[in-house]
Amino acid sequence: MNASSLRRLPPGTWTALAWSAAMAYETAISVRLPGEVPRFRPEGLGHLSSGDAPFVVAATVLVLGGALLLGRRPLPALALFLAGSVFTAMALNSTEITFPQFLAAGIALGRIAATRSRRTSIIAVAMALAVLVGHSAIRLMLGFPIGTSTQSSVALSAVIAWLAGGWIRQSRDHARMAHVQAVTAERLRIARELHDSVAHSIGVIAIQAGAAKMVIDTRPAAAREALGTIEHASRETLAGLRRMLGALRQADTVPDSPAPGLADLERLAVTTEAAGVRVDVRRRGRRDPLPAEIDLSAFRIVQEAVTNVVRHAGARSCRVSIEQRDDELAIEVVDSGRGGTGLGGGHGIVGMRERVGLLHGDFTAGPRPEGGFRVAARLPVRSR
């Protein structure tokens, strides 16, 4: 049987095996072998006799029944394990419930704390402690001796098993929550990528389609040029979508084409100029390679800001300034259009702000006093 098969065993199987091993140990040490030195304990305590067989059979039945129930009904299963511990102690005439006798119940208690709700686990540990205290109290009431130190140690082991199981449950809950947060963040990232990738091209296509419609009868050559721009923009968008969908289908596969970055600003300027808006790109400062997430986010911020100029500003040109410093990348996109009039309730500004926030940068966007609109972002750059 390999490790994978062992992991697939029902939880009750391990508990039953643990109890069987503990019972075999208790039985072995209770038999006084020939020539063995007598133990320093009262005569008659801890030795099996023929009259103890009913208690042994009852304990076996109870523990096996608990093993069958542990996966479906944990609290009744724990009650059976605890009853089995008591019957085992009675069979061995023990003054206390010892560690081996409590082993199956302790394992069940830890599993309950690890896999069930906190309320259920609290009930379980209360049941275990009540049985241990009750066993000692009843023996005292009947005038029998008790093993206070051992019983206290077993009670402490029950609390430790409960705490360990609770820690395992919390670790799993935290891991599950972290996974959910990671999935949510990835979905938001994909949504932003789709919006930023498509919005620019759709804006260019819409403007060029309108221009072609107006001049198709009077200026066929201009209409043909506009249709060529539409074809180029749509092909680029489709290629980007295919790369993204391919990456989603095969997460471990490296995409055929790298993600866009600031090196693609000239291509963006050419595409935007075809839509009727001239983009003046100015780069200052260092030209060191940027971290991939900074490079991609910077390009997307510029792309979205330029798209807003094309769709809403009514300006004929805009200026893109990029300055790379030692510890940050500064981005600014300004135009002399309507100062943000008509931006509406789209996701462009929100998306840019979210991108910058995820990278712990600063973002501002709003009309300029002298007219037009300004988008500015500062992205911290970790030293390599």
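1. Here's the deal with the overall build of the chain
Argument step 1. When you go through the chain residue by residue, the secondary structure sums to 11 helices and 5 strands.
Argument step 2. Looking at the chain as a whole, 39% of its 384 residues qualify as buried.
Argument step 3. In the chain, once contacts between residues fewer than 6 apart in sequence are set aside, the share between residues at least 24 apart is 70%.
Argument step 4. As presented, the chain carries roughly 21,500 Å² of accessible surface, and 62% of it is formed by carbon and sulfur atoms.

2. So, the sheet that holds strand β1 (residues 278-285)
The strands making up a sheet associate through hydrogen bonds between their backbones, and the pairing can be parallel or antiparallel.
Argument step 1. Strand order in the open sheet made by the 5 strands is β1-β2-β3-β5-β4, with mixed pairing throughout. The open sheet is flanked by β1 and β4 (362-367), the only strands paired with a single partner. Taking each pair of neighbouring strands and ignoring which way they run, the sheet shows an average axis angle of 10°.
Argument step 2. One ladder, built from 6 bridges, connects β4 with strand β5 (residues 373-380); its direction is antiparallel. Its bridge partner lying in β5, Asp362 is registered against Arg378.

3. With respect to the packing of helix α4 (residues 74-91) against helix α6 (residues 118-141)
Argument step 1. One can describe the packing of α4 onto α6 by two numbers: an axis separation of 10 Å at closest approach and a directional angle of 15°. One finds that α4 runs roughly parallel with respect to α6. As for how α4 packs across α6, the hand of that crossing is right-handed. On the side of α4, the interface is formed by Leu75, Leu78, Ala79, Leu82, Val86 and Ala89, while α6 contributes Thr120, Ile123, Ala124, Met127, Ala128, Val131 and His135.
Argument step 2. For the contact of α4 with α6, a count of residues per class yields 11 nonpolar, 2 polar and no charged.

4. Thoughts on the nonpolar core
Argument step 1. Judged by nonpolar contacts, the single largest core of 38 residues is most densely connected at Val302, Val306, Ile322, Leu329, Ile331 and Leu379.
Argument step 2. In terms of residue count, helix α10 (residues 292-313) provides more of this core than any other element does, 10 residues in total.
Argument step 3. Residues within four places of Leu329 in sequence aside, it is in contact with Leu262, Leu290, Ile294, Ala298, Ile322, Glu323, Gln324, Ala377, Arg378, Leu379 and Val381.
Argument step 4. In this structure, Leu109, Ala113, Ala128 and Trp162 belong to the second largest nonpolar core, which totals 28 residues.

5. What to know about the side chain of Ser85
Argument step 1. Structurally, Ser85 can be placed in helix α4.
Argument step 2. For Ser85, a relative accessible area of 2% translates into the label buried.
Argument step 3. Leave out the neighbours within four places in its chain, and Ser85 touches Ile97, Gln101, Phe102 and Ala105.

6. Here's the deal with the environment of Asp326
Argument step 1. Mapped onto the elements, Asp326 comes out in the loop between β2 (317-324) and β3 (328-335).
Argument step 2. Its relative accessible area of 60% is what places Asp326 among the exposed residues.
Argument step 3. Discounting residues that sit within four places of it in the chain, Asp326 has contacts with Arg286 and Val381.
Argument step 4. Separated by 2.5 Å, the side chains of Asp326 and Arg286 make a polar contact.

7. Looking at the pattern of salt bridges
Argument step 1. Considering all chains together, one arrives at 12 salt bridges under this definition.
Argument step 2. Taking the shortest distance from any N to any O, the salt bridge between Glu328 and Arg378 comes out at 2.5 Å. Placement of the pair is Glu328 in strand β3 and Arg378 in strand β5, with a sequence separation of 50 residues.
Argument step 3. The exposure class assigned to Glu328 is buried, which follows from its relative accessible area of 13%.
Argument step 4. Using a relative accessible area of 36% as the deciding quantity, one classes Arg378 as partly exposed.
Argument step 5. The residue Glu332 makes a salt bridge to Arg374 at a minimum N-O spacing of 2.7 Å. With Glu332 in strand β3 and Arg374 in strand β5, this residue pair connects regions lying 42 residues apart in the sequence.

8. Here's the deal with the pairing of β5
Argument step 1. Bridge analysis of β3 against β5 gives 8 bridges, and the strand direction is antiparallel. When the sheet's bridge partners are listed, Ile331 is paired in β5 with Ala377.

Conventions used here
Residues numbered from 1 in each chain as written. Predicted model: local features only at pLDDT ≥ 70, side-chain atom pairs only at ≥ 80, totals over all residues. Heavy atoms only, no water. Helix = DSSP H or I, 4+ residues; strand = E, 2+ residues; numbered from the N terminus. Buried < 20%, exposed > 50% of the residue type's maximum accessible area, 1.4 Å probe, protein only. Contact = heavy atoms within 4.5 Å. Areas by Shrake-Rupley, 256 points an atom, 1.4 Å probe, with all protein chains shown as cover. Pairing = 2+ DSSP bridges. Axes fitted to C-alpha atoms, helices over the stretch in contact; angles between N-to-C directions. Parallel < 35°, antiparallel > 145°, perpendicular 65-115°, else oblique. Left-handed = near helix turned anticlockwise from the far one by under 90°. Nonpolar A, V, L, I, M, F, W, Y, C, P; charged D, E, K, R; others polar. Core = buried A, V, L, I, M, F, W, Y, C linked by side-chain atoms within 4.5 Å. Polar contact = N/O pair within 3.5 Å; in protein donor to acceptor, adjacent residues only side chain to side chain. Salt bridge = Lys/Arg side-chain N within 4 Å of Asp/Glu carboxyl O.

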